[in-house]
Amino acid sequence: MAANAADRPESALEAQNLSAGYDDHNVFENINLDLKKNEILCLIGHNGAGKSTLLKVLFGLQPYSAGNVLLNGQKIVPSPSDMAGHGISYVPEGRGVFPGLTVKENFALALWSAKMTGTVADERIEEVLGILPKLKDFWTRRAGQLSGGQQQMVSIGRAMLCKPSILLLDEPSIGLAPKLFQDLLEPIRAVQKQRGMSILLVEQQVGEALNVSDRVVVMKSGEIIYRGVPADFEGDHTKLMEMF
Ligand SMILES: Nc1ncnc2c1ncn2[C@@H]1O[C@H](COP(=O)(O)OP(=O)(O)OP(=O)(O)O)[C@@H](O)[C@H]1O
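Since we're looking at a predicted model, the values are computed, not measured. (Residues numbered from 1 in each chain as written. Predicted model: local features only at pLDDT ≥ 70, side-chain atom pairs only at ≥ 80, totals over all residues. Heavy atoms only, no water.)

Brief notes about a nonpolar patch on the surface
Part 1: Taken together, the side chains of F98, L109 and W112 make up a nonpolar region of the molecular surface, amounting to roughly 350 Å² of accessible area.
Part 2: Along the polypeptide, F98 turns up in the loop between β6 (88-91) and α3 (103-113). (Patch = residues over 30% accessible without salt bridge, like charges linked within 9 Å, V, L, I, M, F, W, Y side chains within 5 Å. Areas by Shrake-Rupley, 256 points an atom, 1.4 Å probe, with all protein chains shown as cover. Salt bridge = Lys/Arg side-chain N within 4 Å of Asp/Glu carboxyl O. Helix = DSSP H or I, 4+ residues; strand = E, 2+ residues; numbered from the N terminus.)

Observations regarding the side chain of Q62
Part 1: Tracing the chain through its elements places Q62 in the loop between α1 (51-59) and β4 (66-71).
Part 2: Since its relative accessible area comes to 17%, Q62 is described here as buried.
Part 3: The residues touching Q62, leaving out its near neighbours within four places in the chain, are G21, Y22, K56 and V57. (Buried < 20%, exposed > 50% of the residue type's maximum accessible area, 1.4 Å probe, protein only. Contact = heavy atoms within 4.5 Å.)

Regarding α1
Part 1: Among the nine residues in α1, eight count as buried, and that is most of the element.
Part 2: When we look at burial in α1, the residues that qualify are K51, S52, T53, L54, L55, V57, L58 and F59.
Part 3: Directly beyond the C-terminal end of α1, a positive phi value near 90° is found at G60.

Quick look at the side chain of T53
Part 1: Mapped onto the secondary structure, T53 falls in helix α1.
Part 2: Once residues within four sequence positions are removed from consideration, T53 is found in contact with Y22, V27 and F28.

Take a look at the structure:
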């Protein structure tokens, strides 16, 4: 019997036959990727495969030359401000915290730019500190003086302030030991399940990322060469790494 459309998980953010690149060179062509509601989809692949470019295109930071982007099944032309307005947060590779500001000030700036003030702002901060309580340990320190892992936590915490329905995370593990990365991912996974958030996680630390992902997609030289679930690898993610 054919699957009923109602049985299929709904799409949150979708790339349909998408082509994009830089200058006159396409990094990928006719890519199809569907981030479902309430899932963590892990996108992995070697350096230069096109993963960050795809994330940037989906958030509207980079144009595309062909295809469509769909948000909740509706065609859109993404722009960062519209995407933020739709409850989508993007955490770029390399953290992007304001180094001269304290963690508290980094959060205040994000709340101010999202036009959140007063008790709403206080509640959002409390909520994020509940998800990532370690932030309290360095709340009044300058972000630029924190370790890589602490800065990553600030960057992700800041992205969570607007209670995103979709989170685009570009290599949050960069510069982190596997244990620190695991410590960062676990509370995010917990809140993702609790709130029903969708996360597109670009990663190279495959083992840790697979532990918290629902599905996995492998990209190689601008093409998607594999789609599956972590259980396909029976805990041996080296099989997955051999693909790229
Ligand atoms: N701003 C840019 N201008 C021109 N080419 C770029 C630019 N950014 C990326 N590229 C090129 O696009 C291709 C894909 O890069 P991209 O950063 O998307 O790959 P990636 O899979 O995210 O790699 P990594 O894992 O190293 O971050 C690479 O060949 C890269 O050199």
